[in-house]
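# An overview of the molecular structure
Each chain, letter by letter, is given below.
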Amino acid sequence: MKNIKKYFLVFMAVSIALCFTACSGNLKADAQNAVLPNINPPQTVVYIINRADMSDGEYSMIASLQGICAQSEARIYIEDGANYIMIKDYIENASHLTVKKTTDVKTLINENIDYIKDKGCVVFETGNNSTVNMAFTVSGMEKWLAIPAEFAEEAKEMGLEIKQDLTRKENGAYTVNQEALFEKYKDRLNKNIIVHQTPELVTLLDYAAAVGAFCFYTDESSRSQVKFREKVFAWANKNATVLGWSADELGYVKQASKCAISVVPSDHCSNLSLLSSLPAEEIKQKNTAEKITPDKNKHYIALVMSDGDNIQWYQTTFPYSGHFYDRISTAEDYKLTWTAPPILYKLAPSVLRYVYNSATDRDRFVCGVSGIGYINPTAYNKNAIADFVFESVDAMKNADLQTITVLDNSKSVRKLSQAMEYYAAQDFIPGSLMQIQHKYEALGGKTLFVNGKPFVSAKRSFWFTSENENEKITNEWIEAFAQEINALPADIHSENGYSYINIHPWSVTIEDLNYLVSLLDAHIEIVYGDELIEMIKENVEF
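Quick caveat, the model's predicted, so the values are computed rather than measured. (Residues numbered from 1 in each chain as written. Predicted model: local features only at pLDDT ≥ 70, side-chain atom pairs only at ≥ 80, totals over all residues. Heavy atoms only, no water.)

For the rest of this paragraph, the subject is the pairing of strand E13 (residues 299-305). With seven of its seven residues buried, E13 lies for the most part within the structure. Neither face of E13 is exposed, since His299, Ile301, Leu303 and Met305 on one face and Tyr300, Ala302 and Val304 on the opposite face are all buried. In this sheet, strand E21 (residues 524-527) lies alongside E13 in parallel orientation, the contact comprising four bridges. Across the sheet, the residue bridging to His299 is Ile524, located in E21. Pairing between E13 and strand E20 (residues 498-503): six bridges, direction parallel. The residue bridging Tyr300 from the neighbouring strand is Tyr498, located in E20. (Buried < 20%, exposed > 50% of the residue type's maximum accessible area, 1.4 Å probe, protein only. Helix = DSSP H or I, 4+ residues; strand = E, 2+ residues; numbered from the N terminus. Pairing = 2+ DSSP bridges.)

Have a look at this one:
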């Protein structure tokens, strides 16, 4: 505890010396701040077409058409599996709308052809190549329909005119590349949104075309491409958002953070051009955190499911299968904390509302890393982080999230405490749960007190790994993990009496977690993540 006090005093002195303006109240910093765009909701009609009725090439054309239409108004929704539930309530209550279901791509294009400027199209080559993203950049800029090369003749028969053919090559290379396209359009592109999407996927690109975002992808092994990505990130407005994903999470997020860009994993998202247009209204969690009077004979733990910053997880599988579905189908009587992405309030409010409404009376949500988007706070541009945190608080309020988790790859107490100053400066934020380095547990449960607020690192991570990729999690492994938890002491006036336990969704199941909880001794009590923060704040001296 003495060491923590010493660090705290040093950091306060450093902060004052640097004239950190955000520490007094909730002042916004002066950095230019990106704003997520608004899309007009459907005005008279919603077209619904099923993904199963389209080939991959047809799907890409309709995604482009979605985006082009949404520049005026959202009109098209691609039904895929159970995802119709996300617009069902809106459709049923919107008496001014006509719903037109179709299975024919040509009919859908013809009925919306007036939204395509000059009936133009841009041709691309399907597959893992740069022309896919480039075509959607052009589609967003020119309102031309993106057409796979194999549909070029059919497009002409439909009355469309090829305005640009991105498949042309000279000496084996495309005549237009990502860098040239960026230079051509950079003065017109939306500087608040970037899309970094593998060309093997067309999901997400409807939204890119709708908001006029630059779409590209970089090979992490190519120094020149990674350098180009840095140029794009530096061009964007401070605190802009990059949607999509990358093959190198650590390097990608670090580079984005240095350029004041937040990352939102979203590569498999679809229909954002329509979902983001729907009215957000008030979104509320079912459950609230309680004020808990600690028992001196108890050790308190919070079980917190990580990776909730991943909006594609929330949209595509989270509500219908896997961890959350298993939890609400066979809920045990213990508190479970989930991380959730507050940016969904803007990008897909109906998804967030559906998840909250589906939760059990023992589920609660906290903000996923590290705010409105995923950043490494210690690496984030110092001229923009105060604004980033300010906007994150606004998003958290809209998404009814009272506590935040942060993820960082530095385990320097000095650097982390300095970065946490920006979060602690906000009255709304009571403290934080910190995921640090490998398995998020590199600080071993250490609590940093910043401005009197606890920033609690994960003590242990329920995260199964093995050198043998065929080895599966066993009851013996879970039992050994439970023994470690059961050995934790009861001490309500020490940080050692409280533990943040991360639950890793990609390596353990709800069944595994239920078994773990069944093995915990009577002196181990489970609380929500925000309850743990408040208990430490109220009962631990620093």
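Don't stop here, the text continues.
With parallel pairing, the three strands of this open sheet are ordered in space as E5-E4-E6. What marks the edges here is a single partner per strand, and that holds for strand E5 (145-148) and strand E6 (161-165). Looking at each pair of strands side by side, their axes are set apart by 40° on average, direction ignored. Bridge count for strand E4 (residues 120-124) against E6 is four bridges, and the pairing is parallel. Within E6, the residue paired with Val122 across the bridge is Gln164. Sheet contacts for helix H2 (residues 56-70): E4 and E5; angle to E5, the most-contacted strand, approximately 175°. Docked against the sheet, helix H5 (residues 131-142) engages E4, E5 and E6, running at close to 165° with respect to E4. (Axes fitted to C-alpha atoms, helices over the stretch in contact; angles between N-to-C directions. Contact = heavy atoms within 4.5 Å.)

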